[in-house]
Structures are given as C-alpha cells and as structure tokens.
Amino acid sequence: DDTAALQKAIAEHRALYFPIGRYIVTDTLTLKPDTALIGLQPNLTQIVILDSTPAFQGIGGPRAVIDTPAGGANVISGVGISTGTINPRAAGVIWRAGEASLIDDVRFFGGGGPNNTRARWDGKYPSLWITQGGGGTFADIWTPDTYAQAGFYVTDTRTPGHVYELSNEHHVRTEIKFDHVENWDINAPQTEEESAESPEAPASSKCTL
C-alpha cells in the first residue's frame, strides 16, 4: 500500500517522478494546486486500486484515485491509472484544475471483455471526469474501460479546455460526454464500440448552457 508514502511526497514536493512499477493505493491521492505527477510511460508506470478496495465500495458518490483542487495548474504525464473492475464508487481522475493545467500521455486501464464474472460493465464512475470549473489541455489519452460509465466526461464548466488525440473506446452507453460546458474544443477524437459491450453506444453527446 503506497498511499501514505505518495500522499506525504505530494505534501512535501511540487513534482513527483515515478519510475517503472505498479503503485497500489487504497484511498484518494489529493494533489496540491501545483502538483505534477510524471511517469516514464503509462503502460509501465501505473497507479492502481485493487478489486474490492474498501474505500471504493458501497453506494455513494464518486471517489477519485487522483483528485485535483479547483483552479490548480496541475500536470499528469506518462502515468497509467487503473480503477480495477469491482469498485463501484471509483473514478480514475476528478479534475477541477484550471486552464493552465495539463494531462498528457495517460492511459486509463480496463475493458477487454467479460474477464471477471463478478464485475459489472458500466458499473463505475467515469474514468476522467472534468467538472466544477475544470479545464486545461488534454492530449494523447487512451481510455478504454468498459466498466466505467464513460471514458471522458466534462460537466459544469466554462473554463477553456482543449482536447487533442483522445482515444475513447468500449463503453456501454456513451464514450465522450459534455454536459453544461462552454469554451471547449476537441480535436482528432477516436471512438470504438465493441460488438458485445457497446452496440448501442453513441460516440458522443453534448449539452451546453
């Protein structure tokens, strides 16, 4: 369990570099407004919650693996994030950081068919949820988790956001969703629906103020 060590490092340093490895956490990592998390490569450097982690169980609102403060200038780059399969309250990242923030070269793990008979497709919160005034730049993101409600979800923000080369796949209902959002652009998105998991899923939906 690396939770305490990582949260201590976040409290004491602005930038954290993650060598190759799997970093298991059992609760939310809460970033400071200027925290930067830098990994070598998202397939090789992962922040992971295991199946049935107690903090992410039961009925209730979302609990992020990584949570950011409102208006921050945070950076996440070169890191993979896994919320497991049986964690119904899990969201990969809840992003409230501001226009100067960045997520680049990040993968959200999951999907790939019914490989766990106790898991439920569409049974977790979105993998990347930008909300409450969040914005920034989002580039080279791969989010294919069938167990999440959506891969890329943006709600309740007027802060500018710019999305480049988002690969968003294998969700049951919606791949990309905007709800009460202004001042955003999305460039070169790619979606892919699976015949078993997502035959009825639209690629995206949008609702603005």
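The coordinates are above.
Described in the following lines is the structure provided in the data block. (Residues numbered from 1 in each chain as written. Predicted model: local features only at pLDDT ≥ 70, side-chain atom pairs only at ≥ 80, totals over all residues. Heavy atoms only, no water.)

1. Here we look at the side chain of Thr-3
Along the chain, Thr-3 falls in helix α1 (residues 3-12). A residue is classified by how much of its surface remains accessible, and Thr-3, at 12% relative accessible area, is buried. (Helix = DSSP H or I, 4+ residues; strand = E, 2+ residues; numbered from the N terminus. Buried < 20%, exposed > 50% of the residue type's maximum accessible area, 1.4 Å probe, protein only.)

2. Looking at the pattern of salt bridges
This structure, assessed with the given rule, holds 6 salt bridges. Here Glu-12 and Lys-8 are joined by a salt bridge, their closest N and O atoms 2.9 Å apart. Separated by 4 residues within a single helix, Glu-12 and Lys-8 lie in helix α1, roughly one turn from each other. (Salt bridge = Lys/Arg side-chain N within 4 Å of Asp/Glu carboxyl O.)

3. Points about a nonpolar patch on the surface
Taken together, the side chains of Tyr-17, Ile-20, Leu-40 and Leu-44 make up a nonpolar region of the molecular surface, amounting to roughly 420 Å² of accessible area. Residue Leu-44 is classed as partly exposed on the basis of its relative accessible area of 43%. (Patch = residues over 30% accessible without salt bridge, like charges linked within 9 Å, V, L, I, M, F, W, Y side chains within 5 Å. Areas by Shrake-Rupley, 256 points an atom, 1.4 Å probe, with all protein chains shown as cover.)

4. Here we look at the environment of Gln-149
Relative to the assigned elements, Gln-149 resides in the loop between β12 (136-143) and β13 (152-157). Taking C-alpha positions, Gln-149 is 5.4 Å from Tyr-125, a pair spaced 24 residues apart along the chain.

5. Looking at α1
Among the residues making up α1, those that are buried are Thr-3, Leu-6, Ala-9 and Ile-10. The buried residues of α1 occupy one face: seen down the axis, they fall within an arc of 135 degrees. Within α1, the exposed residues directed more than 90 degrees away from the buried face are Ala-4, Ala-5 and Ala-11. (Arc of directions from axis to C-beta.)

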